[in-house]
Amino acid sequence: MADPTAGKPLDLVLFGATGFTGALVADYLAEHAPTGTRWALAGRSAAKLRAVRDRLAAGRPELKDLPLLIADAGDRVSLRELAERTRVVISTVGPYLHHGEPLVAACAEAGCDYVDLTGEPEFVDAMYLKYHARAVQTGARLVHCCGFDSIPSDLGVLYTMRELGAQSGPVRVSGFIRARGTFSGGTLASAMMAMSRPKAMARTAKARRAAEPKQPGRRFGVLAGPPRHDKTAHAWVTPLPVIDNQVVLRSAAALPEYGPDFRYGHFAAARRLPIALSGLAAMAALAVAAQARPLRQAVGKTVKPGQGPDAARRAASWFTLRLRAEAGGRTLITEVSGGDPGYGETAKMLSESALCLAFDDLPKTAGQLTTAAAMGDALIERLTRAGISFRTLTAPPSGSPGPVAGPRR
């Protein structure tokens with residue numbers, strides 16, 4: 001297949017550059033995009049885009065003429081023109097169930113690579129059903145979940161499997177996440193949107209399972225269980241019903257080295273049981289509130305879209321994902337860690353994913369893909385250079401107190 005992006009005038013376009021997370025991505029690209037990268041800011045307000053460009057150019061005068069593209073999430077013509085001009089699109093415009101589909105459709109049609117930071121399962125499944133086949137035809141790579149959902153778990157498991165080596169028998173991997181951070185209004189709106197549609201989410205997931213190619217002789221599943229104390233995590237752990245589980249299992253299905261029988265479980269870790277239970281209660285309360293429009297609106301007023309944590313709070317935030325893999329009688333423990341999970345590191349992960357698609361020598365793939373299947377080792381290397389830690393730990397002795405604070409640098 002000929003390269004569908006050859007001859008395009010731009011390497012990257014950041015769509016949603018005027019939002020809270022979009023501005024952080026713009027900052028990261030301004031600092032870290034390779035010299036000569038042809039990139040642009042896109043959004044619906046020319047005035048707001050100029051303000052972002054002026055802010056970037058104040059520190060980097062070479063960006064004073066950074067191209068600005070006017071495009072609206074509801075204007076398919078403007079999105080088609082955007083996708084036809086660039087090799088990769090970065091989208092930070094959520095909730096994606098409300099605003100995301102037209103841009104995915106435009107990229108699939110134009111053969112343009114696409115990354116976002118959604119954690120909305122229904123959106124990801126719906127985009128697979130509608131646009132995966134067309135993206136395969138045009139050569140577009142559609143890679144969702146390129147932020148804290150779900151790069152640490154997806155690439156952390158890939159790193160762990162590389163350390164284990166190819167497996168011919170059952171593999172069980174548990175991921176224990178501990179973090180300190182806060183969220184923006186856009187993140188809250190996306191979470192509430194996803195939780196407000198349980199029946200639609202279940203229908204879409206069922207339709208996707210029916211449409212995906214079957215893999216005779218291979219089995220994949222989710223590890224769960226009641227709240228419990230785990231020696232590897234050195235914490236009380238509770239299952240997290242988040243998209244990370246689905247993303248990791250899709251990578252396992254795409255990559256034969258995960259073996260014929262693979263299961264993954266994603267768990268929240270807390271030092272004390274009351275903290276773990278209060279976290280579950282908070283998630284349950286949000287899920288209940290999401291079912292009624294007045295309650296959704298009330299919750300949404302606490303942090304409005306476009307608002308988020310300030311620089312000081314982001315600097316004090318961190319995450320650690322400890323992974324335990326059991327295969328062939330061997331137990332291996334690895335860890336992924338970094339700074340502010342929701343914003344600083346998410347902006348880094350999303351930006352590096354786009355740069356990886358634009359410039360790295362990657363396997364020839366197309367369609368809707370996970371980060372592990374599309375970029376794999378190349379993205380791990382990029383993120384490691386950018387300060388996110390992937391490391392292998394020795395199995396902790398029984399009764400060891402283990403780490404209870406933030407990531408080690």
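Given the structure is predicted, the values throughout are model-derived calculations rather than measurements. (Residues numbered from 1 in each chain as written. Predicted model: local features only at pLDDT ≥ 70, side-chain atom pairs only at ≥ 80, totals over all residues. Heavy atoms only, no water.)

**Description of the overall build of the protein chain**
When you go through the protein chain residue by residue, the secondary structure sums to 16 helices and 15 strands. Per-residue burial for the protein chain yields a buried fraction of 52% across its 409 residues. Here the analysis covers contacts within the protein chain between residues at least 6 apart in sequence; of these, 80% occur between residues at least 24 apart. For the protein chain, the accessible area works out to roughly 17,800 Å², and carbon and sulfur atoms hold 56% of it. (Helix = DSSP H or I, 4+ residues; strand = E, 2+ residues; numbered from the N terminus. Buried < 20%, exposed > 50% of the residue type's maximum accessible area, 1.4 Å probe, protein only. Contact = heavy atoms within 4.5 Å. Areas by Shrake-Rupley, 256 points an atom, 1.4 Å probe, with all protein chains shown as cover.)

**A closer look at the sheet that holds strand β1 (residues 10-15)**
Spatial strand order, β3-β2-β1-β4-β5-β6-β14: 7 strands in an open sheet with parallel pairing. In the strand order of this sheet, the two ends are held by β3 (68-70) and β14 (367-369), each with one partner. With direction set aside, neighbouring strand axes in the sheet form an average angle of 20 degrees. Sitting on the sheet, helix α5 (residues 101-110) is in contact with β1, β4 (86-91), β5 (113-116) and β6 (141-143), with an inclination near 155 degrees to β5. Where helix α14 (residues 344-359) meets the sheet, its contacts fall on β1, β4, β5 and β6, and the angle it forms with β4 comes to roughly 165 degrees. (Pairing = 2+ DSSP bridges. Axes fitted to C-alpha atoms, helices over the stretch in contact; angles between N-to-C directions.)

**Quick word on the packing of helix α7 (residues 151-164) against helix α10 (residues 243-254)**
In the contact formed by α7 and α10, the axes pass within 9 Å of each other and the chain directions differ by 35 degrees. Regarding α7 and α10, the two cross each other, and that crossing is right-handed. Of the residues in α10, those touching α7 at Ser153, Asp154 and Val157 are Asp244, Val247, Val248 and Ser251. (Left-handed = near helix turned anticlockwise from the far one by under 90°.)

**A look at the nonpolar core**
With 67 residues, the main nonpolar core has Trp39, Leu41, Leu56, Leu155, Val157, Tyr258 and Phe262 as its most contacted residues. Sequence-distant contacts of leucine 56, defined by excluding residues within four places in its chain, comprise Ala26, Asp27, Ala30, Trp39, Leu41, Leu63 and Leu66. Core analysis: the next-biggest nonpolar cluster, separate from the first, contains 34 residues, Phe15, Val124, Ala140 and Cys145 among them. (Core = buried A, V, L, I, M, F, W, Y, C linked by side-chain atoms within 4.5 Å.)

**Quick notes on the packing of α5 against helix α6 (residues 121-138)**
Between α5 and α6, the least distance of the axes is 8 Å, while the angle of their chain directions is 15 degrees. As summarised for this structure, α5 and α6 are arranged roughly parallel, according to the angle between their axes. Viewed along their axes, α5 and α6 form a crossing whose handedness is right-handed. Where α5 abuts α6, its residues Glu101, Val104, Ala105, Ala108 and Glu109 lie against Phe123, Met127, Lys130, Tyr131, Arg134, Ala135 and Thr138. Within the contact of α5 with α6, the residues separate by chemical class into 7 nonpolar, 1 polar and 4 charged. (Parallel < 35°, antiparallel > 145°, perpendicular 65-115°, else oblique. Nonpolar A, V, L, I, M, F, W, Y, C, P; charged D, E, K, R; others polar.)

**Here's the deal with the side chain of arginine 208**
In this structure, arginine 208 sits in helix α9 (residues 198-211). According to the relative accessible area criterion, arginine 208 is buried, its value standing at 4%. With near-sequence residues (within four places) excluded, arginine 208 lies in contact with Val124, Asp125, Tyr128, Leu129, Arg250 and Gln368.

**Thoughts on unusual backbone geometry**
In this structure, proline 95 follows glycine 94 across a cis peptide bond, with omega equal to -5 degrees. By the secondary structure assignment, proline 95 is in the loop between β4 and α4 (96-99). Residue serine 150 is reached from aspartate 149 by a cis peptide bond, and omega for that bond is 10 degrees. Look at cysteine 145: it is not a glycine, yet its phi comes out positive at around 60 degrees. Relative to the helices and strands, cysteine 145 is located in the loop between β6 and α7. A relative accessible area of 4% means that cysteine 145 is categorised as buried. The backbone phi angle of histidine 234 is positive, close to 55 degrees, even though this residue is not glycine.

**A closer look at the side chain of asparagine 245**
With respect to the helices and strands, the residue asparagine 245 is situated in helix α10. Residue classification places asparagine 245 among the buried positions, given a relative accessible area of 7%. From its side chain, asparagine 245 meets the backbone oxygen of leucine 240 in a polar contact 3.1 Å long. Residue contacts for asparagine 245: discarding those within four places in its chain leaves Val222, Leu240, Tyr264, Gly265 and His266. (Polar contact = N/O pair within 3.5 Å; in protein donor to acceptor, adjacent residues only side chain to side chain.)

**Here we look at the environment of alanine 254**
Mapping alanine 254 onto the fold places it in helix α10. For the pair formed by alanine 254 and leucine 369, sequence separation is 115 residues and the distance between their alpha carbons is 8.8 Å.

**Thoughts on the confidence of the model for the protein chain**
Looking at the protein chain, pLDDT values average 88 and 84% of them are 70 or higher. Every residue in residues 396-409 is under pLDDT 50, and counting partners more than four places away or in other chains gives 28 contacts. (pLDDT = per-residue confidence, 0-100.)

**Looking at the pattern of salt bridges**
When charged atoms on two side chains of opposite charge get close, those side chains can pair. As enumerated under the stated definition, the model contains 23 salt bridges in all. Between aspartate 113 and arginine 141 there is a salt bridge; the shortest N-O distance is 2.6 Å. Of the two residues, aspartate 113 is situated in strand β5 and arginine 141 in strand β6; the sequence distance between them amounts to 28 residues. Classification of arginine 141 as buried rests on a relative accessible area of 13%. The partner of aspartate 377 in a salt bridge is arginine 162, and the shortest N-O contact between them spans 3.1 Å. Here aspartate 377 is found in helix α16 (residues 376-385), whereas its partner arginine 162 is found in helix α7, with 215 residues between them in sequence. The class of aspartate 377 is partly exposed, set by a relative accessible area of 35%. Sharing partners across several salt bridges, the network here consists of Asp125, Arg208, Glu212 and Arg250. (Salt bridge = Lys/Arg side-chain N within 4 Å of Asp/Glu carboxyl O.)

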